[in-house]
Amino acid sequence: MLKIGIVGCGAIGTFISKKVSDGTIKNTKIVALYDRNVDKARSLSKIVEAKICRDIDELVREDLDLVIESASVHAVEEVAEKSLKNGKDVLIMSVGALADKELFLKLKKLAKSENRKIYLPSGAIGGLDAIKALKLGKIKEVVLKTTKPVCALKDALKNLGYEPEKIKEEVVVYEGDVFEAIKNFPANINVAVVLSIATEYSAKVVIVADPKIKLNRHEIFVKSSIGTLKVCVENVPFEENPKTSALAAYSAVRLIMDLADPIKVGT
């Protein structure tokens, strides 16, 4: 039985918990919950009958195999560090935090020293098995083009000086490296960070706002000395949070299922 603690009882945390509760994720139990918003934790506890913890320190002292961070990029360092130091593996949903190279290397070193694992779900993109294999050669180019409905980028567009309601045709709102992308689009571009970590190559990122589409589209191009990969994934927005894709939530569920399953398919 895989015993799980969840930090962050919002849309993703609730979605995962429901999949445990309804039996989609087998051989798994949600043991402990924490959220700064106690009402969210109480609401989720009614679904999974888990203990509500007063803080992260209390949660990581519970008898757990895995801690899931589904709170925010700002919570990643504390959740991951305290989980690893208390002998727990950790699944990070807010992977955008790992655009911070120092934080990434710090957590990687800590996980190694504690003999624990940090899991990053594939999120809203596909082809990571092939991408990781291509990395065994020499990576020469990595490009991610993300196209989303204007409504899914609204907050970021306003911060960049756009008036979302006046965008009538598709417009490129960002083109540059992954590190600047995550600063300007922290709620939308986790996939670029996952792609960069998988390839160990700074991805070029293009972000397009399109008022005519309803899906989130990710077009990936990876060129290596041993082959070239082109992938296009079109995702339905996550109903509870249209800033992300439904596939991102389902990829976390799939990862947890794999951890609890005796047979693992794919790398």
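Look a little higher up for the structure.
Basis of the calculations
Residues numbered from 1 in each chain as written. Predicted model: local features only at pLDDT ≥ 70, side-chain atom pairs only at ≥ 80, totals over all residues. Heavy atoms only, no water. Buried < 20%, exposed > 50% of the residue type's maximum accessible area, 1.4 Å probe, protein only. Helix = DSSP H or I, 4+ residues; strand = E, 2+ residues; numbered from the N terminus. Pairing = 2+ DSSP bridges. Axes fitted to C-alpha atoms, helices over the stretch in contact; angles between N-to-C directions. Contact = heavy atoms within 4.5 Å. Core = buried A, V, L, I, M, F, W, Y, C linked by side-chain atoms within 4.5 Å.

Draft legend 1. Spatial organisation of helix α4 (residues 76-85). V76, V79, A80, E81, S83 and L84 are the residues of α4 that are buried. Of the residues flanking the end of α4, it is G87, one or two places downstream, whose phi is positive at about 75 degrees.

Draft legend 2. Just the sheet that holds strand β7 (residues 139-148), in detail. Ordered by their spatial adjacency, 5 strands build an open sheet running β8-β9-β7-β10-β11, and the pairing between neighbours is mixed. Each edge of the sheet is formed by a strand with only one pairing partner; in this case those strands are β8 (171-177) and β11 (227-235). Between one strand and the next, the sheet's axes are offset by a mean angle of 10 degrees, whatever the strand orientation. For β7 and strand β10 (residues 216-224), the ladder comprises 8 bridges, and the chain directions are antiparallel. Across the sheet, residue L144 finds its bridge partner in β10, namely I220. On top of the sheet, helix α9 (residues 190-199) reaches β7, β9 (204-209) and β10; it is set at about 165 degrees to β7, its chief contact.

Draft legend 3. Inspection of the nonpolar core at higher detail. Core analysis: the biggest nonpolar cluster contains 58 residues, and L59, I189 and L195 have the highest contact counts within it. Ranked by the residues each element gives to this core, the list is headed by α9, at 6 residues. Those residues in contact with I189, other than ones at most four positions away along the chain, are L144, T146, A181, I182, V205 and I207. Counting residues in hydrophobic clusters, the runner-up holds 26 residues, among them I12, I25, I30 and L255.

Any functional reading would require information that these geometric values do not contain.
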